[in-house]
Amino acid sequence: MNLRLGMVTVAGVAAGLALWQTRRVQPEFPHARHERVFPTCESCHTVEADRVTMPAATMCTVCHNGSIQPQVEWQAPSRRPSNLQFNHAQVVAAKQAKLGMAFTCATCHQVSGGGRMDIQRVNANGCLGCHAAGKDHHVDAPCATCHVALTEATEFTAAEIAGFTKPADHTDQFLQTHGSAADESSTRCAVCHARDLCSSCHANAAEIPAIQALEPDPRVAGWAAENQSSLPLPASHREAGWWENHAEDVATSARSCAACHTQTSCRACHVDPVPDPIRELSAGQDPRPTRRVPPSHTATFADDHRALAASATSQCSVCHTQDQCTSCHLASAAVTRPGEDVGQYHPANFVQSHPAAAFGQEVECASCHNPEAFCRDCHTVQGLGSNGRIDTGFHNRKPAWVFGHGQAARQGLETCATCHAQRDCIQCHSALGGRRVNPHGPDFDPEKLREKSPVMCAACHPRSILNSGS
Amino acid sequence: MGTRVAPSATLSSRWVIGTTSIAVALCAAWTTPRASAQEWRGRAFTRVQVVELRPLRLDSVPIATTTVENGRRMAGQQLVTCAPAATHCFFYAPDAVVSTAPVTQDIDISVWGFGVQGLRVYLNSRFRFSLADEAFWPRSDDHFDLIRGYVELNRPRYRFRLGRDQQVSGLGFYGYDGASAMVRFRPARLELEAYGGWGLARGLAEPVTSDALASLEEFQPRHRNYLFGFRAAARPTVNSSVEAIYQKEIQTDRSGIASERVALDARYAPIPEVSLQGHADYDLGTGWWGKAGATVGWSPLAELHVEGRLLRYRPVFDLQTIWAAFSPTPYTGYGLAVSVRPRPDLSIRVEGERRDYGDTDAEVPFQVTTDRTWRAGASARWSIDPRWDLEGSYWLNFTFGSALSAGEARVSVRPMDELSLGARFSAFQQLGEFRVGEGRVWSLGGDVRYETALGTVWGAVDRYRHDRRDPESGLPDWNQIRASFGLAFYIGSEPGRRR
C-alpha cells in the first residue's frame, strides 16, 4: 500500500514538472541564448518606417515543439507607449549614409561591452550623449521635431502623462511667464499639454489663440478636474496696498488680469457702471476670486467710517452705491449693504431703547434724522412732544426740574430739541419778556453770531440788533 | 388733551400711491431677466412694518383731590405735577393702542449706455404710505421723496452732475438742487470739486420751507437757502488719504447764513499693521469746533486688532434756529477696543469708552447730573459649522440722561444656501431715563431670509414684554408684537449677491 502510494506521488510530481517545463511562459526573449540560432538581427526583425517588426510566435514552435525543445509560450512584446515620432528606416538610412555599414542595429541596441546578442532597449541617454544641448551634435529643434502631440499619443494613461518629466525651463517662475513661451510655439506645449489643462486655469481660454491651437483631450480634462488646486497668488497681489490700488495695474496690464479673471471676478465688488477695462474682460463665470471685506471695515465701521468715506469717496463707490448711504443717512426703514441686502443699522428694539443712545450720543442722530421732521413729529404724535407746559410730569417727574435743567440741556441739547420747540425755551430765555433768563453759556461769542446770523439774535434781541446795525 | 397730527392723506390717495409703488417694484422684478446688466442697474426695495403704539395723553385732576406722600403729590397711585398756585395737577395717561403698518418703497435706478461714454441718469426715490393710520409713524403722510436725481457725465479726468444730489463729506450729508463739477488728477490722486445750488434741510430730502418742517412754526425760514462748497481730496501715497471741505449755506434773502463750516479728514497707515485716522470740523458761524477724533489701529497679528480712540463731540445746529445760543457743551471721549479671533470660527470684540463733559456753567446744587459717562460692550460670533452661527452681545451705558443694560443673542441656520432662519432673544433695562420712565424689556423673535438670483425676501417677528419699574408714573407697558417684511429686487450687478 505504501509502495503504491509512493509511486503515484513520484509520478504525479514528475508529470507536473514536465507540464510546467513545457508550458512555462518566457517573460522576455533570451537573445543571448539564441545567438547561434539567429546569425543576424534581420533573421527575425525587419526595419519599417514607424517600427521594427517582431517575429511571429509560430517561429518558436519550429524548435520548441516539445520534442526538440520544450514547448514555450512567447508573445511579441506590446508596443511601448511613446510620443516619439521616430522613424527607424529614415534614421538607419541617414546614419548608414553617413557612417556606412558600420551603423547597425547593435550600434544602438547592443549592451556596451556585451556580446552580439546582448540586447537592450535604446537608452535615450545614448542619443543625448552627442545630441544634447551643448554637445557637438546638438540638434536645436522644437520638441515637435521628435515628439507627436499629446493628443496623438493615445497609449499614455492620464497618470503617465502626469508623470512626464518637466523640461528644465519649467521652473516655479515659469508659470508667470509661460504666456510668451506659448505664443512663440504652441506646438512645443502640445507635446505634453492639451487645451483642457490651460482651460482649468485660464478664465479667458476661449480667447487665447495659443490655447485654442491645442486639441482637447479627455484624459487631461479628467486629470485636471480631479486635481484642482488653488492657483498661486501672483507676487503683485501680495504687495501691501495692492488691493486698494489694483486699478493702476489693470490700466497697464489688463491682459494679464484676464488670464485669471472674468467680469464676474470684478463684479464681485464693482457696481455698475463698471470701468471700461472690466467691460473688456470675458463675461464668463469665474468663481475663484471672492469678495472680501476691506481691513478698514471693523466691527464698528458703521459708526466710524467718516474719515475713510470722506477722504476716499471714490474707493467707497467701487462697492457701494449711493442709495446704500441714503438708506442710513436719510432715516430709511432699513439698511442695505453689499452682499447683505437687508439689514438694520439699529437693533430691532431700538425704538424702545433709543433714549439711552440719544442721551449718550453714540452717534450723531442728526446726520440721518432731521430732528424736527423725524424725532419731534413722532414724539408729538405719541404724546411725548412738548406743548409748552412745564408742569407735565416728564424728566423723572422731578418737581424742580425746570430750575435745574441747564446742565442737562447743555450736555444734551440735541435730545431737548426732539421734544421741545424753540418757543418752549424762549418762554424764559429771552430778552423780549418772560423771565429773561440768559441762555448763553461758556464760549458764546455774540459778536460772531450777530455777524453771521443777525436773524437768530433778533429772535430775542430785536432792539439790540437794530441798535448795533445803526 | 394730547396733541395729534391730523392725517393728511385720504385712504384713496394712499391706495393709489401704494399700488403704484408696488407695481413699480413688480415691474422691476419682471424686467430683471430682460434687462442688460451693461445698461441698467436698479433696485426696488419694499419694507412693511407692523407696529403697535400706545400714545400718551395729557390729563389733569383738581389739586384738591390730590395728596402728598413722601413729598410727592399723588392722585391715588398716580404721581402728578402741580405748578405753584395752580388749581389742577397734570399727568400723562395711556391712550388707546394704535396699530399701524408703515410701508417704505425705495426705487434706485442708474441708466447709462446712451452712446456717450460716462453719461448716466440716476434716480433714487422713496415712496411712503401706511396701511393703517398715517398719523402715527414719522413722515408716513409725506408720500414721495426724490432723494437724488441727476444727470452725470463721468470721465476719468472729470465728473459733472446736474440735478438733485447730496454732498457726502466730513460735514455729513447735505442735499441740494444744483450742479457739481469735479476734476481728477490721477498721478497725484487728487480730486477737486465745486458744488452749489439750492440747499435742502439736513437729514431730509426737502427744502427748509417744506411743510415737513411746519412744526418749526414762526422759526421756519420763509426762503430757501443757497448752498455751495469746495472740496479737495487726495491720496498722496498708497497708504494715506486726506480731504478738506468748506461749505456755506446762505439764506436766499441774504438775511444771514444757516451754516458755514469746514472739515478735515485724514488717514495714514505707516505700516500695514498700524493705521491712523483723524477728523475735525469747525463751525465758522459760532467759532466752535464740532466733532473731532483720532483713532489708532494696531494689528500685530492677523487674529488681533487693537484700537484706541480719542473723540470730541459738540452738536451742530443751523443758525436759523436759536439752539446755538444755548451753548451746547462738548464732551471728550477716550476709548479702547480689542478684537480677537482665537479660532477661525470664533471672533470676539470688547470695547469701552469714557466721556467727560466740559463745564456747562449751569449746575445747580439740587439737580446735578453726571458730567462723566461710560460705555462698555462685548460681542462674539461663533460659526459652529458652515451652516450654524451663534452670536451675542452685551452693552452697558451710563450716560447723563439715561442708563442702559442690554444684551441679545441670536442663533441662525442655513438649511440651504438660499435660506437663512434665525431665532433671537434680547433683554434690556433702562434706568434713570429723563423722559418716560424706567423698565425692563424682554423680546423673543425669529427671522427668515430667502435669497434668489432675482432678489431677497425676508421677514422678522418679535414679541416684547415690558416690566415697568415705575408704576407710580401711570405709564403703560410696552408689551407688543412687532413684525417687518421686506422684498428686494435687483437689475444689474449687485456686489456679493447670488447670481
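Rules of the game
- Residues numbered from 1 in each chain as written.
- Chains lettered and ligands numbered in written order.
- Predicted model: local features only at pLDDT ≥ 70, side-chain atom pairs only at ≥ 80, totals over all residues.
- Helix = DSSP H or I, 4+ residues; strand = E, 2+ residues; numbered from the N terminus.
- Contact = placed C-beta atoms within 7 Å.
- Buried ≥ 20, exposed ≤ 12 C-beta atoms within 10 Å, placed from the backbone.
- Core = buried A, V, L, I, M, F, W, Y, C linked by C-beta atoms within 7 Å.
- Pairing = 2+ DSSP bridges.
- Nonpolar A, V, L, I, M, F, W, Y, C, P; charged D, E, K, R; others polar.
- pLDDT = per-residue confidence, 0-100.
- Expected span 1.5 Å × (residues − 1).

Let us now look at the overall build of chain B. The number of helices and strands found in chain B is 1 helix and 29 strands. Residue pairs in contact within chain B that sit at least 24 positions apart in sequence constitute 51% of those at least 6 positions apart.

Helices and strands together make up the secondary structure of chain A, namely 26 helices and 2 strands. Going through the 470 residues of chain A one by one, you find that 27% of them count as buried. Contacts in chain A between residues at least 24 apart in sequence constitute 55% of all its contacts with a sequence separation of at least 6.

The next point concerns the nonpolar core. Leu 413 and Met 456 of chain A together with Trp 323, Ala 324 and Leu 404 of chain B are the most contacted members of the largest nonpolar core, which totals 39 residues. Secondary structure elements with two or more residues in this core: helix 18 (322–329), helix 19 (350–360), helix 21 (406–411), helix 22 (413–416) and helix 25 (454–458) of chain A together with strand 17 (257–271), strand 24 (388–398) and strand 25 (403–416) of chain B. For this core, the element with the highest residue contribution is helix 19 of chain A, accounting for 4 residues. Here Leu 404 of chain B is in contact with Ser 353 and Ala 356 of chain A together with Trp 395, Asn 397, Phe 428 and Gln 430 of chain B, once residues within four sequence places are set aside.

This part is about the sheet that holds strand 5 (residues 78–79) of chain B. All names here are of chain B. Read across the open sheet, the 3 strands follow the order 3-4-5; overall the sheet is antiparallel. On the outer flanks of this sheet lie strand 3 (67–69) and strand 5, each paired with one strand and no other. Pairing between strand 4 (residues 72–75) and strand 5: 2 bridges, direction antiparallel. Bridge pairing in strand 5 places Ala 75 opposite Gln 78.

Our next topic: the sheet that holds strand 2 (residues 56–62) of chain B. Residue and element names in this part refer to chain B. Spatially, 2-7-6 is the arrangement adopted by the 3 strands of the open sheet, whose pairing is antiparallel. Looking at the sheet topology across the chains shown, the edges are occupied by strand 2 and strand 6 (81–82). Relative to strand 7 (residues 88–94), strand 6 runs antiparallel, the two being bridged by 2 bridges. Residue pairing for strand 7: Thr 81 is matched across the bridge by Phe 90.

Turning next to the interface of chain A and chain B. Each partner contributes to the interface: chain A provides 109 residues, whereas chain B provides 143 residues. The element best represented in the side of chain A that touches chain B is helix 20 (residues 371–381) of chain A, accounting for 8 residues. The class makeup of the residues in the side of chain A that touches chain B is 49 nonpolar, 40 polar and 20 charged.

By the secondary structure assignment, Asn 370 of chain A is in the loop between helix 19 and helix 20. Since 25 C-beta atoms lie within 10 Å of it, Asn 370 of chain A is described here as buried. A C-alpha to C-alpha distance of 9.3 Å links Asn 370 of chain A and Thr 418 of chain A, two positions 48 residues apart in sequence. Not counting residues up to four positions away in its chain, the partners in contact with Asn 370 of chain A are Ala 201, Arg 202, Gly 203 and Leu 204 of chain B.

All names here are of chain B. Looking at chain direction, strand 15 (residues 225–234) and strand 16 (residues 240–251) are connected through 10 bridges and run antiparallel. Within strand 16, the residue paired with Ala 233 across the bridge is Glu 243. Between the antiparallel neighbours strand 15 and strand 16 lie 5 residues. As defined by bridge partners, strand 16 adjoins strand 17 across 11 bridges and the pair is classed as antiparallel. Each bridged residue has a counterpart across the sheet, and for Glu 243 the counterpart in strand 17 is Asp 265. The turn linking strand 16 back onto strand 17 is made up of 5 residues, and Arg 254 within it adopts a positive phi angle of 60°.

All names here are of chain B. Looking at chain direction, strand 22 (residues 346–357) and strand 23 (residues 372–385) are connected through 11 bridges and run antiparallel. Within strand 23, the position partnered with Ile 348 by the bridge is Ala 380. Bridging between strand 23 and strand 24 involves 11 bridges; their strand directions are antiparallel. Within strand 24, the position partnered with Ser 379 by the bridge is Ser 393.

Residues and elements named next belong to chain A. Mapped onto the elements of the fold, Phe 164 is located in the loop between helix 5 (158–162) and helix 6 (174–184). Its 13 C-beta neighbours within 10 Å are what place Phe 164 among the partly exposed residues. Residues Phe 164 and Cys 192, 28 residues apart in the sequence, show an inter-C-alpha distance of 7.6 Å.

All names here are of chain A. Here chain A shows a mean pLDDT of 77. Residues at 70 or above account for 84%. Across chain A, helix 21 holds the top mean pLDDT of 90, while strand 1 (residues 335–337) sits lowest at 53. pLDDT under 50 marks residues 21–25. Its contacts with residues more than four places away, or in other chains, come to 8 contacts.

Right, let's talk about unusual backbone geometry for a bit. All names here are of chain B. A positive phi angle is found at Glu 217, which is not glycine, with a value near 50°. With respect to the helices, strands and loops of the structure, Glu 217 is situated in the loop between strand 14 (190–199) and strand 15. Owing to 10 C-beta atoms within 10 Å, Glu 217 belongs among the exposed residues under this scheme.

The next thing to look at is helix 2 (residues 88–99) of chain A. Across its 12 residues, helix 2 of chain A extends 16 Å between first and last C-alpha, which sits within 8% of the 16 Å expected from 1.5 Å per residue. Among the residues trailing helix 2 of chain A, Gly 100 of chain A stands out with phi positive, at a value near 75°.

This part is about the confidence of the model for chain B. Across chain B, pLDDT averages 85, with 89% of residues at or above 70. The ipTM value of the predicted complex is 0.84, and its pTM value is 0.73.

Tracing the backbone shows Trp 374 of chain B in strand 23. For the pair Trp 374 of chain B and Tyr 334 of chain B, spaced 40 residues apart in sequence, the C-alpha to C-alpha distance is 9.7 Å.

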